[in-house]
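Structure at a glance
Single-letter residue listing:
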Number of protein chains: 2
Amino acid sequence: MEMLNNKFITIKTDIEEAPHESMFEIKTQTLPPLDEHDVLVKCLYVSIDPYQINRMKSRSSSQNSVAAASKITPGMTINCLGLGRVVASNHPDYQKNDIVHGTINWAEYTIVKTQDMLKKLDTIEFPLSYYVGIFGFSGLTAYGGFFKICKPKKEDKVFVSAAAGSVGNLVGQYAKLFGCYVVGCAGTKQKVNFLKEKLGFDEAFNYKEETDLNSTLQRYFPDGIDIYFDNVGGEMLEAVVANMNAFGRIAACGVLSGYTNSKKHIALSMVDVVYKRIMIHGFLATDFTSNDFNDFMSVTKDYVRAGKLSVPEDISFGIETIPSAFVGLFRGDNVGKKIVQIAKE
Amino acid sequence: MEMLNNKFITIKTDIEEAPHESMFEIKTQTLPPLDEHDVLVKCLYVSIDPYQINRMKSRSSSQNSVAAASKITPGMTINCLGLGRVVASNHPDYQKNDIVHGTINWAEYTIVKTQDMLKKLDTIEFPLSYYVGIFGFSGLTAYGGFFKICKPKKEDKVFVSAAAGSVGNLVGQYAKLFGCYVVGCAGTKQKVNFLKEKLGFDEAFNYKEETDLNSTLQRYFPDGIDIYFDNVGGEMLEAVVANMNAFGRIAACGVLSGYTNSKKHIALSMVDVVYKRIMIHGFLATDFTSNDFNDFMSVTKDYVRAGKLSVPEDISFGIETIPSAFVGLFRGDNVGKKIVQIAKE
């Protein structure tokens, strides 16, 4: 096989606070020959996720949690969930031109050495980008977090923050389909309209226009909140705890407000937590069982086939767009799942 | 029946911050004749519990939670868990001289109208005070909170705050008997020694002597904390979250640091909560099922009979000691369960 020049995205140094495009660079490496069992994948779609910021810090408790959250070294490749096409394979299970999804890099090509991180797509029923978003960790996080962690009952009152994001939009849609009352918050008028008009949320509001989140939540939840799917932490979480009903459940999924501001800690009332018997439960999608995963895939595919679930995606094209795509997550640029398409299918 | 003059303890006004003896008074009432089904109880032992402070505030979210936490009105009687002797009864199930435990008042006598709050003691195998503490809500809170909320595994590393208190001392003992490594914290050297020497805690420390709780916990838990039974909230909870292992469980039982300081909120890292998949679960003893209660009673009585559980009690005598007994809870005066004996058995 000829030697391949491979462009990849990396960080110049550790990133401690809000990320900026200038902190990233495109580098070029020459890929080595494939070892036994290696699979060379041409990257087509890569997932752009906020949690990656925690891997870019010099130190974060997140980095000890799971392999997918391990520290990213400046100058080195950055792995993620992605989908690509096999270009060459030394592994009997993978053939040239197979479509595979799993752990690949923010790069043009990836040599995949750990084949349990790679799944072959046997039939192509859905757009390929779905395997990076709704059928990937975003979907599993939404589904598992809502159904397994929050344990919803019909008519529960559900609040979702970052509701126009990759996970939040799906949580709201799952909750509506399940029979809950759903309110989402987001950071622009456009997103708020999108949630209400396109995704069928009962209500949505722009948190940036609210001066007192406590009374905002009282307005949208006159009977209190039963479930909160928390993607942001911070003041919103404090206000939710104040407005929560007895036996309320909070799925702690993300901390957008805290990822880029290490000084920011929440200040919630533990008296409320005790007396309302609130459960706050951090979780990672990687912890769900294969049964949970199969449930998720079967239910979600059925919903998508039936046109009951919208699949909002925000796709930019070209490896060079990765830094701005990623940085944009923290500016709230994306509506729906942020994906970068690196090459034409 | 002759008219009875009844002394009772009340609050003069709502109590918003740290309580002081001067905020309480003894009043005298003339008890009315018994209605149909009323039971007149001479109070022998009453439980003195920190949570009562939340009932004394003008407003607290706690007051909407359960009947036992409803607001206390200045000038009126204050109910609690207690034990007494039936003096007169208009109810067929209760006879004069029956020993009963349940909801009575901080008073010499209580007319009990809701008989489902009253249980008759058929055999007297244990000291009567036990029914106000270890066999009462303190014991149930410790047992249910530890076994049902924290779901311990043998060899789990368990941390208990306010460990010399009515609930904490039992949590530590249950955890040791179950096979866990147990560290407690308390506010005096005497209590620390008591925990280690009398109750068999593996380690204990005086949190008032520590300047950096984070490194203190690192010292006592070099391999991290699996379970935290939280009676205090505040900075200790923040430090625990920082030192917690993956899948750690926190039973949020009490907020001693917050009950008397309404401005005090915790500032914990939600990034830790998410990535370590920490569960923080508020609970009240009143929520446990009757099965849980039966488990608790059977296991606890067996342990007490076998001499495996110590039952530290701190009993003062006389209704007039109730205010100082109660206020003392917040000064950390008591070692073990605080009880006031109102009359001789």
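Residues numbered from 1 in each chain as written. Chains lettered and ligands numbered in written order. Predicted model: local features only at pLDDT ≥ 70, side-chain atom pairs only at ≥ 80, totals over all residues. Heavy atoms only, no water.

**As for the confidence of the model for chain A**
- Per-residue confidence for chain A gives a mean pLDDT of 94, with 98% of residues at or over 70.
- Of the two predicted TM-score estimates for the complex, the pTM is 0.94 and the ipTM is 0.92. (pLDDT = per-residue confidence, 0-100.)

**Notes on the interface of chain A and chain B**
- If you look at the interface, chain A gives 37 residues, while chain B gives 37 residues.
- The three residues of chain A that bury the most area against chain B are Met270, Tyr275 and Arg277 of chain A, which together make up 25% of that side's buried surface.
- Our count for the contact surface shared by chain A and chain B stands at two salt bridges.
- Measuring nitrogen to oxygen at the nearest pair gives 2.6 Å for the salt bridge that ties Arg277 of chain A to Asp287 of chain B.
- Between chain A and chain B we count nine residue pairs in polar contact (both at pLDDT 80 or more) in total. (Contact = heavy atoms within 4.5 Å. Buried area = accessible area lost by both parts, 1.4 Å probe. Salt bridge = Lys/Arg side-chain N within 4 Å of Asp/Glu carboxyl O. Polar contact = N/O pair within 3.5 Å; in protein donor to acceptor, adjacent residues only side chain to side chain.)

**Notes on unusual backbone geometry**
Residues and elements named next belong to chain A.
- Located in the positive-phi region is Phe247, a residue other than glycine, with phi close to 65°.
- Turning to its location among the elements, Phe247 is positioned in strand E12 (residues 244–252).
- For Phe247, a relative accessible area of 43% gives the class partly exposed. (Helix = DSSP H or I, 4+ residues; strand = E, 2+ residues; numbered from the N terminus. Buried < 20%, exposed > 50% of the residue type's maximum accessible area, 1.4 Å probe, protein only.)

**Digging into the packing of aromatic side chains**
All names here are of chain A.
- In the structure shown here, the tally under the stated rule is 44 aromatic pairs over all chains.
- With a centroid separation of 6.4 Å and 25° between ring planes, the pair formed by Phe126 and Tyr130 is classed as stacked. The same class applies to Phe126 as to Tyr130, namely buried.
- Ring geometry for Tyr143 and Phe296: centres 5.8 Å apart, planes at 50°, overall tilted. On the criterion of sequence distance, the pair formed by Tyr143 in helix H2 (residues 137–149) and Phe296 in helix H9 (residues 290–305) is long-range, its members being 153 residues apart. Taken individually, Tyr143 and Phe296 each receive the classification buried, so the pair is uniform in this respect. (Phe/Tyr/Trp six-rings, centres within 6.5 Å; stacked < 30°, edge-to-face > 60°.)

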